[in-house]
Amino acid sequence: MPEQMLSGPAGRLEGRYQQIGSRDAPVAMFLHPHPRYGGTMNNKVIYYLFYHLHDLGFTVLRFNFRGVGRSQGESLDEIGELSDATVVLDWLYSRHPHCRKCWIVGFSFGAYIGMQLMMRRPEITEFVSIAPPVEMFDFSFLAPCTSPGLIVHGGKDRVANPEKVAKLAEKLIAQDNSDIVHHTVAGAGHFFEGEHMEHLKAVVGDYARQRGAVD
């Protein structure tokens, strides 16, 4: 697995980078759960989707936010992590300016950071928001949500309340010119344990095919 040390706003950021040879291959950046609650780039949801999208034909990059693993700095609030993600996206996009798709894939806290980044960066063509923690953070900045994307969560999630995530998705889908897909993985908890991980991978893979990102 190619290790990649990146220059971040608060010091070096530790990452993992897997490239596809095609010049216009889609790219995807992965954002992990909250550092204060043990979130890292090796979280199973991030890890398995990282490899899954790479197998489907994406160039992929995941990294540790500041203060996690070998990444330097200290996690103080989400502004720092958003700055980290911005710099890493710059790095990724500078190496793949001709990519036909640029995705942000965030899980839990990473979904919150990813959707903020998506609203600021027009080069992001698609987002995948997995179990966005709607009770912990304010998602009202998604007004309107201008990018297409997938919102997916577990039906028995005790962190990202399923009913409130569904309401967020419904609100976004109801916006003018919305192009957002919502999917609930029945019976899954926050971390998509066991067979639910395969279901999650299938949902994301099917979405990638439907959107024309992969064959």
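Residues numbered from 1 in each chain as written. Predicted model: local features only at pLDDT ≥ 70, side-chain atom pairs only at ≥ 80, totals over all residues. Heavy atoms only, no water.

Packing of helix 2 (residues 78-95) against helix 3 (residues 109-120) brings their axes to within 10 Å, and their N-to-C directions diverge by 60°. Considering their axes alone, helix 2 and helix 3 lie oblique with respect to each other. Here the hand of the crossing between helix 2 and helix 3 comes out right-handed. Residues Glu 78, Glu 81, Leu 82, Ala 85, Thr 86 and Leu 89 of helix 2 form the contact with helix 3, whose own contacting residues are Phe 109, Tyr 112, Ile 113, Gln 116, Leu 117 and Arg 120. Here the residues of the contact of helix 2 with helix 3 sort into 7 nonpolar, 2 polar and 3 charged. (Axes fitted to C-alpha atoms, helices over the stretch in contact; angles between N-to-C directions. Helix = DSSP H or I, 4+ residues; strand = E, 2+ residues; numbered from the N terminus. Parallel < 35°, antiparallel > 145°, perpendicular 65-115°, else oblique. Left-handed = near helix turned anticlockwise from the far one by under 90°. Contact = heavy atoms within 4.5 Å. Nonpolar A, V, L, I, M, F, W, Y, C, P; charged D, E, K, R; others polar.)

Let us now look at the sheet that holds strand 4 (residues 59-63). Pairing is mixed in the open sheet, where 8 strands are placed in the order 1-2-4-3-5-6-7-8. Strands at the two margins of the open sheet, each flanked by one partner only, are strand 1 (3-8) and strand 8 (180-185). Neighbour to neighbour, the strand axes of the sheet diverge by 20° on average, direction disregarded. As defined by bridge partners, strand 1 adjoins strand 2 (residues 11-18) across 6 bridges and the pair is classed as antiparallel. In the strand pairing of strand 2, Ser 7 is matched with Arg 12. Against the sheet, helix 1 (residues 44-56) touches strand 2, strand 3 (27-31), strand 4, strand 5 (102-107) and strand 6 (126-130), its axis set at about 165° to strand 4. Along the sheet, helix 4 (residues 162-173) contacts strand 7 (149-154) and strand 8; its crossing angle with strand 7, the most-contacted strand, is approximately 165°. (Pairing = 2+ DSSP bridges.)

As a further point, take the packing of aromatic side chains. For any pair of aromatic rings, the description rests on two quantities: the centre-to-centre distance and the angle between the ring planes. Inspection of the entire model under this criterion finds 16 aromatic pairs. Between the aromatic rings of Phe 63 and Phe 65, the centroid separation amounts to 5.3 Å while the plane-to-plane angle is 85°, which identifies the pairing as edge-to-face. The same class applies to Phe 63 as to Phe 65, namely buried. Ring centres 4.3 Å apart and planes at 15° place the aromatic pair Tyr 112 and Phe 137 in the stacked group. Residue Tyr 112 is located in helix 3, and its partner Phe 137 is located in the loop between strand 6 and strand 7; the two are separated by 25 residues in the primary sequence. There is no split in this pair, since Tyr 112 and Phe 137 are both buried. Pairwise contacts between aromatic rings join Phe 63, Phe 65, Phe 109, Tyr 112, Phe 137, Phe 139 and Phe 141 into one cluster. For the cation-ring pair, Arg 62 lies above Phe 50, with the distance from its terminal atom to the ring centre recorded as 4.6 Å. (Phe/Tyr/Trp six-rings, centres within 6.5 Å; stacked < 30°, edge-to-face > 60°. Buried < 20%, exposed > 50% of the residue type's maximum accessible area, 1.4 Å probe, protein only. Lys NZ or Arg CZ within 6 Å of the ring centre and 35° of its normal.)

Glancing now at unusual backbone geometry. Looking along the chain, the bond that leaves Ala 143 and enters Pro 144 is cis, with omega of -5°. Structurally, Pro 144 can be placed in the loop between strand 6 and strand 7. Positive phi, close to 60°, is recorded for Ser 108, a residue that is not glycine. The topology assignment puts Ser 108 in the loop between strand 5 and helix 3. With a phi close to 50°, Phe 192 is a non-glycine residue in the positive phi region. Position of Phe 192 among the secondary structure elements: in the loop between strand 8 and helix 5 (195-210). For Phe 192, a relative accessible area of 1% gives the class buried.

Remember that the coordinates give geometry; whether it matters functionally is a separate question.
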